[in-house]
Structure formats: C-alpha cells, structure tokens
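Survey of secondary and tertiary structure
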Amino acid sequence: MIATILIVEDEAAIQELIAYNVQRAGYECICVENAEKALAVINDALPDLIVLDWMLPQMSGIEFARILRSHERTRAIPIIMLTARTEEADKVSALEIGADDYMTKPFSPRELIARIHAVLRRLPAAACDEIIKIDGLRLSPADHRVTCSGSVIELGPTEYRLLHFLMTHPERVYSRDQLLHQVWGDQVSAEGRTVDVHIRRLRKALEAVSKDDYIQTVRGIGYRFSATAMSFVKDSDATT
Ligand code: CA
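Before going into details, it helps to say that this report is about the structure given with it. Just so we're clear, the structure is a prediction, and the values are computed from it rather than from any experiment.

As for the coordination of the calcium ion
Ligation of the calcium ion by protein atoms is provided by Asp10 (OD), Asp53 (OD) and Met55 (O), these donors lying 2.1 to 2.3 Å from the ion. All donors of the calcium ion belong to a single chain; written as a sequence motif, their spacing is D-x42-D-x1-M.

Considering the packing of helix H6 (residues 157-168) against helix H8 (residues 192-207)
At a minimum axis distance of 9 Å, the contact between H6 and H8 shows a crossing angle of 85 degrees. In this view, H6 runs roughly perpendicular relative to H8, as classed from their interaxial angle. Counting all contacts with H6, which are made through Thr158, Glu159, Leu162, Leu163 and Leu166, the residues of H8 involved are His198, Ile199, Arg201, Leu202 and Leu206.

Digging into unusual backbone geometry
One can expect most non-glycine residues to show negative phi and most peptide bonds to be in trans. A cis amide bond links Lys105 with the next residue in sequence, Pro106, at an omega value of -5 degrees. Looking at where Pro106 falls in the secondary structure, it is placed in the loop between strand E5 (101-104) and helix H5 (109-121). Of note, the phi angle at Gln58 is positive, near 55 degrees, even though the residue is not glycine. Mapped onto the secondary structure, Gln58 falls in the loop between strand E3 (49-53) and helix H3 (61-70). Despite not being glycine, Asp135 shows a phi value in the positive range, around 40 degrees. Looking at where Asp135 falls in the secondary structure, it is placed in the loop between strand E6 (132-134) and strand E7 (137-140).

Considering the packing of aromatic side chains
Within this structure, the stated rule accounts for two aromatic pairs. Their ring planes at 70 degrees and their centres at 4.9 Å tell us that Phe165 and Tyr174 sit as a pair that is edge-to-face. The same class applies to Phe165 as to Tyr174, namely buried. Measuring from ring centre to ring centre gives 5.5 Å for Tyr214 and Phe225, while their planes differ by 75 degrees; the resulting arrangement is edge-to-face. With a gap of 11 residues between them, Tyr214 in the loop between H8 and strand E11 (215-218) and Phe225 in strand E12 (residues 222-225) connect regions that are remote in the sequence.

Here we look at the nonpolar core
Among the nonpolar cores identified, the biggest contains 30 residues, and Ile153, Leu163, Leu166 and Phe225 are the most heavily contacted of them. Looking at this core, the elements with two or more residues in it are E6, E7, strand E8 (145-148), H6, helix H7 (176-184), H8 and E12. When residues in this core are grouped by element, the largest group, six residues, is from H6. Sequence-distant contacts of Leu163, that is, excluding residues within four places in its chain, are made with Leu139, Val146, Leu155, Leu202, Leu206, Ile215 and Phe225. If you look at the next biggest cluster of nonpolar residues, it comprises 23 residues, including Leu6, Ala35, Leu56 and Ala99.

Comments concerning H6
In this model H6 runs 16 Å from its N-terminal to its C-terminal C-alpha over 12 residues, within 8% of the 16 Å that 1.5 Å per residue would give. Burial runs high along H6: 10 of the 12 residues are buried. Every buried residue of H6 is listed here: Pro157, Thr158, Glu159, Tyr160, Leu162, Leu163, His164, Phe165, Leu166 and Met167.

Cut-off values and rules
- Residues numbered from 1 in each chain as written.
- Predicted model: local features only at pLDDT ≥ 70, side-chain atom pairs only at ≥ 80, totals over all residues.
- Heavy atoms only, no water.
- Donors = N, O, S within 2.8 Å, 3.2 Å for Na, K, Ca; no water.
- Axes fitted to C-alpha atoms, helices over the stretch in contact; angles between N-to-C directions.
- Helix = DSSP H or I, 4+ residues; strand = E, 2+ residues; numbered from the N terminus.
- Parallel < 35°, antiparallel > 145°, perpendicular 65-115°, else oblique.
- Contact = heavy atoms within 4.5 Å.
- Phe/Tyr/Trp six-rings, centres within 6.5 Å; stacked < 30°, edge-to-face > 60°.
- Buried < 20%, exposed > 50% of the residue type's maximum accessible area, 1.4 Å probe, protein only.
- Core = buried A, V, L, I, M, F, W, Y, C linked by side-chain atoms within 4.5 Å.
- Expected span 1.5 Å × (residues − 1).

This is how it looks when you write it as structure tokens:
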C-alpha cells in the first residue's frame, strides 16, 4: 500500500518543496494550509502520517496535534512537527503532546524524507502483524501490502483498514454502524453512507483481481467477507 502523507503548511513555497520531495519518494500526498482543512481531509480518510507546521493561521499546529491526540480515531497518526523556532522548550512541548519527530526550519528535504521513512517503519505493526491469507488474497499488516497471486492491490488507508477488519472477521455479517465503530472508531461525523462509499472503492480495487465478490452485501443487514458463498447480492445499494 502506498502511504499517504498529509502536509499542513501555510507557506506555499515550503508546502511545494515538501510535496515535491514526498511524491518523489513514492508517497501520495495531500496538501492543505490550515488545521480546519486538515481536519476535513482526516474526516474523509486517515492519512498514514502528518507533516505539521507549528505556526499556522488560526489554530496552531501544536493545538491541532493536541486535538488529534485526544481522539481515539486520530490518536495513532504519526506526526512530524515543523517549526522555525529553535528553543529547547518548544521541542519539549512538541514531543510532550506526542509528535513523533520534530524538525526545525530550514531543514533539508532529504532529511525530512529520511525521518518520514523512519517514523513509518516503526509504526505499531506489532498490534496484529500476522499475514492473513484467504483463498489467494494475502494481506500483510507489517507493510500494509495486499496482493493476490503476486499482483499488488492498491488500496487507500481506509479501504485497507476495512479489508483488514473484514479478513480478520470472515463469514460474519456486520451492519454499517458496526463497521463504522470498528474501522472508523469514535468519529462522530461518519455515517453509514461513508461505509458504502469505501466498500464500493474496496470492491473496485478487488475487481482488478476478480475478488470483488468476496465483499458481499447482505440485504437489509450490512456486509460480510466471504470467500466461499458467492450467491449474495453484490450491489452496495441493496441495504438502503
Ligand atoms: Ca507557517
């Protein structure tokens, strides 16, 4: 899976410089210039890492990081803070609120990329590191890779988590509310419709390897992952 990096930086030149280097390093990137827009992005799908500027208009980076750390759904997103400040006290408060790393401007883009690699590498893959294999579909939590007979299936972070949950709980039906709770956590703004959208994207990704019928719609109830029974409705609108 390609990791998505969210860059929150209000200075256009720096934002561009980071984005250029992040993309060149093979990551997806989303750029926003304030905390409010960052939150909208995060509400849609969790990024794998945030590069967060300290000095932002309106809400500061540090305040935003504190909010992310106080919610269950966003608590674990790695954050690398950027700042022009050099005082020791600032570094301490950045690390105290739980930033995973800290860089002082001006910084070398190469060093930032090295730190992004390092932070992503030490992500708690330990939580559930076991490779899951179901009838040709292989999901490896250690590197977030999903493959089918050797072909890599490209998934967004939410589709990945959705598939991970479904593959670790196969042959069981989950309502959209249950999936929201399990996959999206405590996010209040998400609705059942969000689940349908991501199920559709997941199916589309699995279609490339003809495994889209593993994600089954159970009419009037919800969804199930099943590699055995193929007789269910595929249409994701069937539950509405
Ligand atoms: Ca700034």
